[in-house]
2 protein chains.
Amino acid sequence: MIELDFSKGNGLLPAIAQDAQTGEVLMMAYINRESWELSLSSGVVHYWSRSRNKLWKKGESSGNVQEIREIRVDCDSDCVLFKVRQIGEAACHTGFRSCFYRVLEGDELVEDGEKIFDPKKVYGDK
Amino acid sequence: MIELDFSKGNGLLPAIAQDAQTGEVLMMAYINRESWELSLSSGVVHYWSRSRNKLWKKGESSGNVQEIREIRVDCDSDCVLFKVRQIGEAACHTGFRSCFYRVLEGDELVEDGEKIFDPKKVYGDK
């Protein structure tokens with residue numbers, strides 16, 4: 001098992017998910033040791049949800065899991081890059097393909113990302 | 001000025017630098033409000049160094065600054081994606097093009113990244 005440096009972030013490390021084919025950065029979220037080990041053993045990305053304070057299998061509600069194609073670790077072993085096949089074509093809970101669907105133009109953030117699904121239909125009216 | 005959510009990470013947010021042309025993820029580091037504002041006003045990426053506990057103009061020692069081509073902000077406004085032109089062709093202090101120069105193969109991390117410079121020559125024997 002590869003040892004990551006979980007010490008700096010109180011047991012959490014940032015993890016980046018990137019589309020393995022297009023190179024698009026899809027999202028950034030956190031992993032703890034348990035989610036790291038589950039990602040390795042299952043082949044699909046597991047994060048740690050800071051807002052819900054629980055293990056989070058990406059796509060557990062939406063079905064939009066992230067199949068791992070490649071894993072890279074940075075120079076300090078405190079950040080992970082998952083290259084993935086994004087099932088359902090969308091990573092973001094807002095229905096956009098990428099969480100980075102807003103671009104800075106002047107003093108404004110402008111939505112220019114590709115909307116794939118309607119979150120109300122996928123998650124219900126929460 | 002775009003307001004980011006600096007509250008969750010004690011004033012720090014993760015920021016990803018991606019090569020604007022090739023899509024390669026170059027590095028991940030942290031920004032605080034001051035480095036965010038300096039990045040916007042100067043057009044080159046400034047981070048906050050957690051290890052040195054100080055503002056960090058990327059490339060201040062090596063000359064390998066990151067010219068900002070595009071800025072994206074994620075759905076929760078707590079992560080920033082800088083699309084950059086990497087001056088000097090290398091982002092990592094180890095001399096590799098990307099900090100993610102190691103790939104997981106089985107139970108091992110294997111270096112397969114492109115080495116651009118010798119850090120001893122750039123930073124001296126520190």
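Residues numbered from 1 in each chain as written. Chains lettered and ligands numbered in written order. Predicted model: local features only at pLDDT ≥ 70, side-chain atom pairs only at ≥ 80, totals over all residues. Heavy atoms only, no water.

A.B. asks: Could you give me a rundown of the overall build of chain A, with the residues and numbers involved?
C.D. replies: Along the backbone of chain A there are 2 helices and 8 strands. For a compact globule of 126 residues, the expected C-alpha radius of gyration is about 14 Å, and chain A comes in at 15 Å, within 12% of that figure. Referenced to the eigenvectors of the C-alpha coordinate spread, the extents of chain A come out at roughly 40 × 35 × 30 Å. Here chain A, with 126 residues, has 51% of them falling under the buried criterion. The contacts in chain A between residues at least 6 apart in sequence include a share of 41% that link residues at least 24 apart. Looking at chain A as shown, the accessible area adds up to about 6000 Å², and 43% of this sits on carbon and sulfur atoms. (Helix = DSSP H or I, 4+ residues; strand = E, 2+ residues; numbered from the N terminus. Rg over C-alpha atoms; globule rule 2.2 N^0.38 Å. Buried < 20%, exposed > 50% of the residue type's maximum accessible area, 1.4 Å probe, protein only. Contact = heavy atoms within 4.5 Å. Areas by Shrake-Rupley, 256 points an atom, 1.4 Å probe, with all protein chains shown as cover.)

A.B. asks: Tell me about the relation of the copies chain B and chain A, residues and numbers included.
C.D. replies: Superposition of chain B onto chain A requires a rotation of 180° combined with a translation of 0.0 Å along the rotation axis, giving an RMSD of 0.0 Å. Taken together, the rotation and translation relating the two chain copies correspond to the operation of a two-fold axis. Among all residues of chain B, the one whose C-alpha sits closest to the rotation axis is Gly23 of chain B, at a distance of 2.7 Å. Most of the interface of chain B is mirrored in chain A, where 100% of its interface residues are also at the interface. (Least-squares fit on C-alpha atoms with pLDDT ≥ 70 in both.)

A.B. asks: Please set out the interface of chain B and chain A residue by residue, giving values where relevant.
C.D. replies: Accessible area lost on assembly of the parts is the figure often given for the size of an interface. Each partner contributes residues to the interface: chain B has 38 residues there, and chain A has 38 residues. For the pair chain B and chain A, the summed buried area comes to about 3100 Å², and 62% of that belongs to carbon and sulfur atoms. Considering only the side of chain B, the residues that lose the most area to chain A are Arg72, Cys75 and Phe100 of chain B, jointly responsible for 20% of the buried surface there. For the pair chain B and chain A, the number of links is 4 salt bridges. Between Asp112 of chain A and Arg72 of chain B there is a salt bridge; the shortest N-O distance is 2.8 Å. Across the chain B-chain A interface, the total number found is 16 residue pairs in polar contact (both at pLDDT 80 or more). Contributing elements (two or more residues each) for the side of chain B that touches chain A: strand S1 (13–19), strand S2 (25–31), helix H1 (33–42), strand S5 (66–73), strand S6 (80–86), strand S7 (102–105) and strand S8 (108–111) of chain B. (Buried area = accessible area lost by both parts, 1.4 Å probe. Salt bridge = Lys/Arg side-chain N within 4 Å of Asp/Glu carboxyl O. Polar contact = N/O pair within 3.5 Å; in protein donor to acceptor, adjacent residues only side chain to side chain.)

A.B. asks: Pulling in residues and values, what's your account of helix H1 (residues 33–42) of chain A?
C.D. replies: If you check which residues of H1 of chain A are buried, you get Ser35, Trp36 and Ser39 of chain A. For H1 of chain A, the arc enclosing every buried residue in end-on projection is 105°, short of the 170-degree limit, so these residues lie on one face. (Arc of directions from axis to C-beta.)

A.B. asks: Kindly report on unusual backbone geometry, identifying the contributing residues and their values.
C.D. replies: Residue and element names in this part refer to chain A. Of note, the phi angle at Asn10 is positive, near 55°, even though the residue is not glycine. Within the secondary structure, Asn10 is located in the segment before strand S1 (13–19). On the accessibility criterion, Asn10 (76% relative accessible area) is exposed. A positive phi is found at Ser77, a non-glycine position, where the angle reads about 55°. Considering the arrangement of structural elements, one finds Ser77 in the loop between strand S5 (66–73) and strand S6 (80–86).

A.B. asks: Help me get a handle on the packing of aromatic side chains, residues and values and all.
C.D. replies: Residues and elements named next belong to chain A. Evaluation of the coordinates by the stated rule reveals 8 aromatic pairs over all chains. Taking the centre distance of 6.4 Å and the plane angle of 45° together, the rings of Trp36 and Phe82 count as tilted. You can see Trp36 sitting in helix H1 and its partner Phe82 sitting in strand S6, a full 46 residues away along the chain. Overall, Trp36 belongs to the buried group, its relative accessible area being 1%. Arranged with centres 3.9 Å apart and planes meeting at 5°, the rings of Phe96 and Tyr101 form a pair that is stacked. (Phe/Tyr/Trp six-rings, centres within 6.5 Å; stacked < 30°, edge-to-face > 60°.)

A.B. asks: Now, about the environment of Ser35 of chain A: what can you tell me, with residues and values included?
C.D. replies: Here Ser35 of chain A lies in helix H1. Those residues in contact with Ser35 of chain A that sit more than four places away from it in its chain are His46, Tyr47, Trp48 and Leu55 of chain A.

A.B. asks: So what's going on with the pattern of salt bridges? Which residues, and what values?
C.D. replies: One pass over the full model with this rule turns up 24 salt bridges over all chains. Measuring nitrogen to oxygen at the nearest pair gives 3.4 Å for the salt bridge that ties Arg85 of chain A to Glu67 of chain A. In this pair, Arg85 of chain A is assigned in strand S6 and Glu67 of chain A in strand S5, connecting sequence segments 18 residues apart. For Glu89 of chain B, the salt bridge goes to Arg97 of chain B, with nearest N and O atoms at 3.4 Å. Beyond isolated ion pairs, a larger network of salt bridges with shared partners links Asp19, Glu24, Glu89 and Arg97 of chain A.

Without other data, these values stay purely geometric and don't point to any function.
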